[in-house]
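# Summary of structural features
Residue-level listing of the chains:
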Amino acid sequence: MVKVIVATGDPGSTRKWCEVMRRGLPEFEVVAWDAGAEASGARYAVVWMPPDALFRRETGLQAVFNLGAGVDHLMGLPSLPDIPVLRLEDAGMAAQMAEYVIHSLAALSRGFDAYALQQARRRWAPLPVMRHADWPVGVMGLGKLGAHVARAVSGLGYPVAGWARGPRRIEGVRAFHGAEQLQDFLGHTRVLVNLLPLTPQTTGIIDRGLLAGLLPDAVVINIARGGHVVDEDLLAALDAGRVQTAVLDVFNEEPLPSGHPYWSHPRVRITPHVAATTLETHAVEQIGERIRRLERGEPVEGVVGRDTGY
Ligand code: NDP
Ligand code: OXD
């Protein structure tokens, strides 16, 4: 029987994922990481922020499955062996991301935030009709999640630009790529949606220079990683009115420390890293199918590039 070891940073979550996997994938033997135990001899590891000791002890692993789309935590582990690392692709997260972005965008463009303030004052005052053309959206990262978000927002009638590493073709989306086209992309963007992976190339990308390139009265929606943002630069842009609103789901330090200026900033909206959560059924199905393919010697999707880091 193929053995799979589950290791997350938290024992409760490790137990939960073991149960979910045993229920969904009864043909595999699923064991939980236990720091005090001997090597289990597992062929596959299913992980989220695992301890570095996992890879030093489990030396028979053939592949590692990340229980999320972003692999930045995992790729930084010094003991990660040179075996395939696979990440979740969409697995129900793309629809959640689109919902998050449309909610945040409409709160501003359709005036729902303003109407909430009016309600508090018992005020009945329709705002001028919104024009989509006044709210051009730019999506950084056109992968599994970003491309879906770009299509969804474009489908509502907003002008949409996108930016990726290489050329991309997405109907209804004006696509830019590479460092040389970044300024052009920003010049088409009032509402910036970040869905880049966190890599050495993208760390700190949302800085003073980038924010200065956005269209006036900009909005920043960061739903990728906190490490993409230089916090002092974003706060300065908010205070200067360069950025009117920041919608932030992810932070350089999580949980966001209670003294952080974002908490009390009147034009910052905060959610606790929930823009898209890993859905158990989808995740287990995707991982199970990929383990079966690897066991049959067939190619699999979702393998992270060691050179690119995503
Ligand atoms: P993908 O790997 O599918 O897509 C990444 C996209 O980013 C690709 O279009 C890629 O370009 C582009 N990209 C990568 N590096 C660069 C670069 N240096 N310059 C320009 N573009 C670049 O990722 P996903 O869509 O699956 O996920 C994106 C991120 O979302 C995850 O890495 C994770 O951090 C975050 N996330 C956050 C969640 C939350 O709840 N807040 C939940 C899930 C994910 P190309 O197409 O040319 O390769
Ligand atoms: C992910 C996340 O990367 O939840 O999947 O952040």
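Heads up: the structure comes first, above all this text.
In this report, the structure presented in the accompanying data block is examined.

Parameters and conventions
Residues numbered from 1 in each chain as written. Chains lettered and ligands numbered in written order. Predicted model: local features only at pLDDT ≥ 70, side-chain atom pairs only at ≥ 80, totals over all residues. Heavy atoms only, no water. Pairing = 2+ DSSP bridges. Helix = DSSP H or I, 4+ residues; strand = E, 2+ residues; numbered from the N terminus. Axes fitted to C-alpha atoms, helices over the stretch in contact; angles between N-to-C directions. Contact = heavy atoms within 4.5 Å. Near = heavy atom within 4 Å. Polar contact = N/O pair within 3.5 Å; in protein donor to acceptor, adjacent residues only side chain to side chain. Areas by Shrake-Rupley, 256 points an atom, 1.4 Å probe, with all protein chains shown as cover. Core = buried A, V, L, I, M, F, W, Y, C linked by side-chain atoms within 4.5 Å. Buried < 20%, exposed > 50% of the residue type's maximum accessible area, 1.4 Å probe, protein only. Domains from an automatic or database assignment. Nonpolar A, V, L, I, M, F, W, Y, C, P; charged D, E, K, R; others polar. Salt bridge = Lys/Arg side-chain N within 4 Å of Asp/Glu carboxyl O.

Now for the sheet that holds strand S8 (residues 173–177). Strand order in this open sheet of seven strands is S8-S7-S6-S9-S10-S11-S12, and the pairing throughout is parallel. Every interior strand has two partners, whereas the edge strands, S8 and strand S12 (268–270), have only one. Within this sheet the neighbouring strands show an average axis-to-axis angle of 15 degrees, counted without direction. Sheet strands in contact with helix H4 (residues 93–109) are strand S6 (137–140), strand S9 (191–194), strand S10 (218–222) and strand S11 (243–248), and its direction is about 150 degrees off that of S11.

Further remarks concern the site of ligand 1. In the vicinity of ligand 1 there are 30 residues, among which Arg-87, Leu-142, Leu-145, Gly-166 and Tyr-310 approach most closely. In this structure, an oxygen atom belonging to ligand 1 sits 2.9 Å away from a main-chain N or O atom of Lys-144. With respect to ligand 1, the backbone of Arg-165 contributes an N or O atom lying 3.0 Å from a nitrogen atom. For ligand 1, whose accessible area on its own is 950 Å², the fraction buried by protein is 91%. Elements supplying a minimum of two residues to the shell around ligand 1: H4, helix H6 (144–155) and strand S7 (160–164). No other element matches the three residues that H6 contributes to the shell around ligand 1.

Of all hydrophobic cores here, the largest spans 55 residues; its most connected members are Val-137, Val-193 and Ile-223. At seven residues, H4 tops the list of elements feeding residues into this core. Shared between two domains, this core holds at least three residues of each, these being domain 1 (3–91 + 278–295) and domain 2 (93–270). With near-sequence residues (within four places) excluded, Val-193 lies in contact with Val-101, Val-137, Gly-138, Val-139, Met-140, Val-149, Ile-221 and Ile-223. Grouped together as the second largest cluster of nonpolar side chains are 28 residues, Phe-185, Leu-186, Leu-210 and Ala-237 included.

Turning next to the site of ligand 2. Close contacts around ligand 2 come from Trp-48, Gly-68, Ala-69, Gly-70, Met-93, Arg-225, His-273 and Ala-276, and that covers them all. Here an oxygen atom of ligand 2 sits 2.7 Å away from a polar atom, N or O, in the main chain of Ala-69. At 2.8 Å from an oxygen atom of ligand 2 is found a side-chain nitrogen or oxygen belonging to Arg-225. Contact with the protein chains removes 86% of the 210 Å² of surface that ligand 2 exposes when unbound. Of the residues belonging to the shell around ligand 2, the class tally is four nonpolar, three polar and one charged.

Another aspect to go through is unusual backbone geometry. Of note, the bond from Glu-254 into Pro-255 is cis; its omega dihedral lies within 30 degrees of zero at -5 degrees. Tracing the sequence through the fold places Pro-255 in the loop between S11 and helix H10 (261–264). Phi at Met-49 is positive, roughly 50 degrees, even though this residue is not glycine. In this fold, Met-49 is placed in the loop between strand S3 (44–48) and helix H2 (53–57). Residue classification places Met-49 among the partly exposed positions, given a relative accessible area of 41%.

Attention shifts here to the pattern of salt bridges. Counted according to the given criterion, the structure contains 14 salt bridges. A salt bridge links Lys-3 to Glu-29; the shortest N-O distance between them is 4.0 Å. Taken together, the positions of Lys-3 in strand S1 (residues 3–8) and Glu-29 in strand S2 (residues 29–32) put the pair 26 residues apart, joining distant regions of the chain. In this structure, the salt-bridge partner of Asp-134 is Arg-131, at a minimum N-O distance of 2.8 Å. The class of Asp-134 is partly exposed, set by a relative accessible area of 36%. Within the structure, one salt-bridge network assembled from shared partners comprises Glu-27, Glu-289 and Arg-292.

A few words on the pairing of strand S4 (residues 63–66). Here is the key point about a regular strand: its side chains alternate between the two faces of the sheet. The two faces of S4 match: Ala-63 and Phe-65 on one face and Val-64 and Asn-66 on the other face are all buried. Direction of pairing for S3 relative to S4: parallel, over a ladder of four bridges. Directly across from Tyr-44, in S4, lies its bridge partner Ala-63. Here two bridges tie S4 to strand S5 (residues 85–86), and the two strands are oriented parallel to one another. Following the sheet pairing, Val-64 is matched in S5 by Val-85.

Note that all results are geometric; they support no functional claim without further evidence.
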